[in-house]
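Coordinates in review
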Amino acid sequence: MDKKIPTLDLTRNYARIKDEVQEAVNSVLESQYFILGPDVARFEEECENYLGEVSAVGCASGTDALLLALMALDIGEGDEVITTPYSFFATVSCITRLGAKPVFVDVDPLSFNIDMKKVLDAVTPKTKAFLPVHIFGQMAPLEEIKEELEKRGIAIVEDAAQAFGSWRKENESIRRAGAWGTIGCYSFFPTKNLGGYGDGGMVVTKDASLADRLKKLRVHGAGTTYYHDEVGLNSRLDSLQAAILRVKLRHLEEWNEERRRAAGRYYALFAEKGLIGTVIPPSEMENNYHIYHQYVVKVPQRDDLQAHLENQGIVSRVYYPVSLHMQRCFAFLGYSEGDFPVSESLSRETLALPIFPELTMEEQKKIVNSIGDFYKK
Ligand SMILES: *Cc1c(COP(=O)(O)O)cnc(C)c1O
């Protein structure tokens with residue numbers, strides 16, 4: 001049998017940048033400066049330039065980015081945070097970890113992003129923040145309710161872990177994911193579009209005093225070393241990761257374009273096979289630049305299709321098999337099955353197909369042919 005087609009092949013990506021990465025890593029090794037340090041400062045600056053109008057603060061992971069953001073906003077016991085049930089676990093665990101209460105709002109069936117039309121109905125006097133996720137690399141349309149939330153003093157914390165580099169049009173210019181709200185959070189987990197070679201994350205904000213607070217919170221709450229204004233975390237981005245991420249940031253636009261081209265090829269191949277309708281491809285919403293962190297289709301007989309693909313050497317994944325309101329650890333919130341029907345149906349019907357910048361047309365043909373065989377087209 002041919003070689004397996006993985007959902008993501010990082011070895012091909014590494015082959016393209018090996019020399020640059022090794023040089024960057026070597027220079028950190030020579031300097032022996034491992035925690036924060038000049039590469040972190042430069043990477044933060046480069047992210048600021050790329051994202052526009054924000055201060056960037058590197059930290060240890062995307063999960064910590066979310067936690068730091070909510071800590072900087074003084075969210076805790078008695079506060080409510082409105083968010084989506086269709087996301088990675090960390091989106092919600094950071095809320096409960098601080099003793100605050102996640103309030104879920106169902107997602108939109110086309111974009112899989114939180115349904116903006118339903119968010120304001122979930123606001124109560126206890127609502128301190130709104131935490132949308134730009135799921136699979138496509139931004140949620142924040143402009144629809146941004147002003148209204150600001151008027152009510154509700155902070156916006158964007159979970160942009162899957163969306164570094166994606167954007168939405170704002171008036172006639174573009175604004176990137178993470179740079180819309182009060183605080184934006186990113187993950188540099190190796191599988192993300194901008195991924196390091198280990199854990200890493202970042203928070204960004206336009207608010208200078210929040211940026212200062214975030215910088216303290218990532219070093220145990222210390223303004224000056226050994227003098228603590230409050231209790232923070234040990235959550236720093238290390239120099240090796242920053243040096244590698246600086247190399248990768250230089251190529252990110254090209255790689256995101258390649259992902260978009262791969263998404264376009266999938267669509268054309270599905271259309272050629274008469275599969276559109278059986279397979280529902282991802283919808284790119286108006287005014288969006290979708291960076292296809294994942295290429296997630298809606299399909300009938302999802303589990304059987306996944307098994308069929310696996311037999312053909314094609315790896316696919318289910319994001320996310322359990323809506324967050326149905327996770328056992330969140331049972332205390334009192335939600336039950338049927339509360340968020342769209343999110344629950346996506347958990348049963350969606351499948352993430354291989355996507356990465358280096359994915360070839362040959363591989364995509366094989367994947368689509370195999371899906372065609374399954375549905376006997
Ligand atoms: C990956 C991810 C996170 C967590 O990032 P880590 O760096 O793995 O801690 C949070 N939210 C979403 C939506 C993610 O995809």
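Residues numbered from 1 in each chain as written. Predicted model: local features only at pLDDT ≥ 70, side-chain atom pairs only at ≥ 80, totals over all residues. Heavy atoms only, no water.

1. So, helix H3 (residues 62–72)
Burial within H3 is extensive, with ten of its eleven residues counted as buried. For H3, the full list of buried residues reads Gly62, Asp64, Ala65, Leu66, Leu67, Leu68, Ala69, Leu70, Met71 and Ala72. Just past H3, the residue Asp74 takes up positive phi, approximately 60°. (Buried < 20%, exposed > 50% of the residue type's maximum accessible area, 1.4 Å probe, protein only. Helix = DSSP H or I, 4+ residues; strand = E, 2+ residues; numbered from the N terminus.)

2. A word on the site of the ligand
Taken together, 16 residues surround the ligand, and among them Gly62, Thr63, Asp159, Ser187 and Lys192 come closest. Burial of the ligand by the surrounding chains reaches 92%, relative to a free accessible area of 380 Å². Element by element, the count of residues in the shell around the ligand is highest for H3, at three residues. Broken down by class, the residue content of the shell around the ligand amounts to six nonpolar, eight polar and two charged. (Near = heavy atom within 4 Å. Areas by Shrake-Rupley, 256 points an atom, 1.4 Å probe, with all protein chains shown as cover. Nonpolar A, V, L, I, M, F, W, Y, C, P; charged D, E, K, R; others polar.)

3. Here's the deal with the side chain of Ser323
Its location among the elements puts Ser323 in the loop between helix H9 (302–311) and helix H10 (341–349). Leave out the neighbours within four places in its chain, and Ser323 touches Pro85, Ser343, Glu344 and Ser347. (Contact = heavy atoms within 4.5 Å.)

4. What to know about unusual backbone geometry
Note the cis peptide between Tyr319 and Tyr320, where omega equals -5°. Within the element layout of this structure, Tyr320 appears in the loop between H9 and H10. Although it is not a glycine, Asp74 adopts a positive phi angle of roughly 60°. You can see Asp74 is positioned in the loop between H3 and strand S2 (80–83). The phi angle at Phe112 is positive, at roughly 70°, despite the residue not being glycine. Positionally, Phe112 belongs in the loop between strand S3 (101–104) and helix H5 (116–119).

5. Digging into the nonpolar core
Residues Phe43, Ile82, Phe130 and Phe164 are the most contacted members of the largest nonpolar core, which totals 40 residues. Of all the elements in the fold, those that place two or more residues in this core are helix H2 (38–51), H5, strand S9 (201–205) and helix H8 (239–272). Counting residues per element, this core draws most heavily on H2, which supplies five residues. The next biggest cluster of nonpolar side chains, apart from the first, holds 28 residues, and it includes Ala69, Val81, Ala90 and Cys185. (Core = buried A, V, L, I, M, F, W, Y, C linked by side-chain atoms within 4.5 Å.)

6. Here we look at the sheet that holds strand S12 (residues 288–289)
Read across the sheet, three strands follow the order S7-S6-S12 without closing on themselves; strand pairing throughout is antiparallel. Edge positions in the open sheet fall to strand S7 (173–176) and S12, since each of these has one partner strand only. Judged from the four bridges that link them, strand S6 (residues 167–170) and S7 form a sheet pairing that is antiparallel. Pairing of Lys169 across the sheet is with Ile174, part of S7. (Pairing = 2+ DSSP bridges.)

7. Quick notes on the sheet that holds strand S5 (residues 155–159)
Read across the open sheet, the seven strands follow the order S1-S9-S8-S5-S4-S2-S3; overall the sheet is mixed. Each edge of the open sheet is held by one strand with a lone partner, namely strand S1 (55–59) and S3. Mean inter-strand twist for the sheet, computed between neighbouring axes without regard to direction, equals 25°. Both S2 and strand S4 (residues 127–131) contribute to a ladder of four bridges, which runs parallel. Note that in S4 the partner of Ile82 across the bridge is Phe130. Each of S2, S3, S4 and S5 touches helix H4 (residues 90–97); the most contacted strand, S3, lies at about 140° to it. Seen against the sheet, helix H7 (residues 208–217) touches S1, strand S8 (183–187) and S9 and runs at an angle of roughly 15° to S1. (Axes fitted to C-alpha atoms, helices over the stretch in contact; angles between N-to-C directions.)

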